[in-house]
Amino acid sequence: DAMDVITDPEVDAVWICSPSQFHADQIKACAANGKHVFCEKPIATDLAETVEAINEMNEAGLKLMIGLQRRFDQNFIRVKKAIIDKEVGDTIMVRCCCSNLLFDRLV
């Protein structure tokens, strides 16, 4: 159970990788129990819950980091390199859309 970890006094930080609908409540529970959080995106499933979770972490003086698991995938690394090496000209913004099925075929 997530609360076993969140309330454990030996735990300093929690990695939240549960289904998205549980993220906000788990982040707020971490704030209440003095735990730093690394959470897979999204923070919450609506804006109000997102703001509330962020505010509770800030008020508790704790760190909240949101992760995007694609950051270290080979295709994303290749896109970053192309931008840095100016292979695609002056880049203002990059917008990517992918699915696991398509992405796995490309790797």
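Keep in mind that this is a model prediction, so the values were computed, not measured. (Residues numbered from 1 in each chain as written. Predicted model: local features only at pLDDT ≥ 70, side-chain atom pairs only at ≥ 80, totals over all residues. Heavy atoms only, no water.)

A. Representation of the confidence of the model for the chain in the model. The predicted model of the chain averages 89 in pLDDT, with 89% of residues at 70 or higher. The least confident element of the chain, judged by mean pLDDT, is helix H5 (residues 100-106) at 53; the most confident is helix H2 (residues 23-32) at 98. (pLDDT = per-residue confidence, 0-100. Helix = DSSP H or I, 4+ residues; strand = E, 2+ residues; numbered from the N terminus.)

B. Focus on H2. Among the ten residues that make up H2, eight are buried, leaving the element largely enclosed by the rest of the structure. Buried-residue contacts for H2 involve helix H1 (2-6), strand E1 (13-16), strand E2 (36-40), helix H3 (47-59) and strand E3 (64-67). One or two steps after H2, the chain reaches Gly34, where phi turns positive at roughly 70°. (Buried < 20%, exposed > 50% of the residue type's maximum accessible area, 1.4 Å probe, protein only. Contact = heavy atoms within 4.5 Å.)

C. The pairing of E1, seen in detail. Here E1 shows a buried face lined by Val14 and Ile16 and an unburied face lined by Ala13 and Trp15. Pairing of E1 with E2 involves four bridges; the strand directions are parallel. From the neighbouring strand, Val14 faces E2, where its bridge partner is Val37. Note that the unit made of E1, H2 and E2 has a crossover that is right-handed. (Pairing = 2+ DSSP bridges. Right-handed = clockwise from strand over helix to strand, strands pointing away.)

D. Quick peek at unusual backbone geometry. Residue Pro42 is reached from Lys41 by a cis peptide bond, and omega for that bond is -5°. Mapped onto the elements of the fold, Pro42 is located in the loop between E2 and H3. Although it is not a glycine, Lys86 adopts a positive phi angle of roughly 60°. Relative to the elements of secondary structure, Lys86 occurs in the loop between helix H4 (74-84) and H5. Under the relative-accessibility criterion, Lys86 is labelled exposed at 53%.

E. Region of the structure containing the sheet that holds E2. Across the sheet, which stays open at both edges, the three strands sit in the order E1-E2-E3 with parallel pairing between neighbours. The open sheet is flanked by E1 and E3, the only strands paired with a single partner. Taking the axes of each pair of neighbouring strands and ignoring which way they run, one obtains an average angle of 15° across the sheet. (Axes fitted to C-alpha atoms, helices over the stretch in contact; angles between N-to-C directions.)

F. Layout of the pattern of salt bridges. Under the criterion given, the structure shown has five salt bridges. In this structure, Lys28 engages Glu52 in a salt bridge whose closest nitrogen and oxygen atoms are separated by 2.9 Å. Remark: Glu52 occurs in helix H3 and Lys28 occurs in helix H2; sequence separation between them is 24 residues. Asp85 is the partner of Lys81 in a salt bridge, and the nearest nitrogen-oxygen pair spans 2.4 Å. Residue classification places Lys81 among the partly exposed residues on the basis of a relative accessible area of 45%. Each of Asp25, Lys28 and Glu52 takes part in salt bridges that share partners, so that together they form one network. (Salt bridge = Lys/Arg side-chain N within 4 Å of Asp/Glu carboxyl O.)

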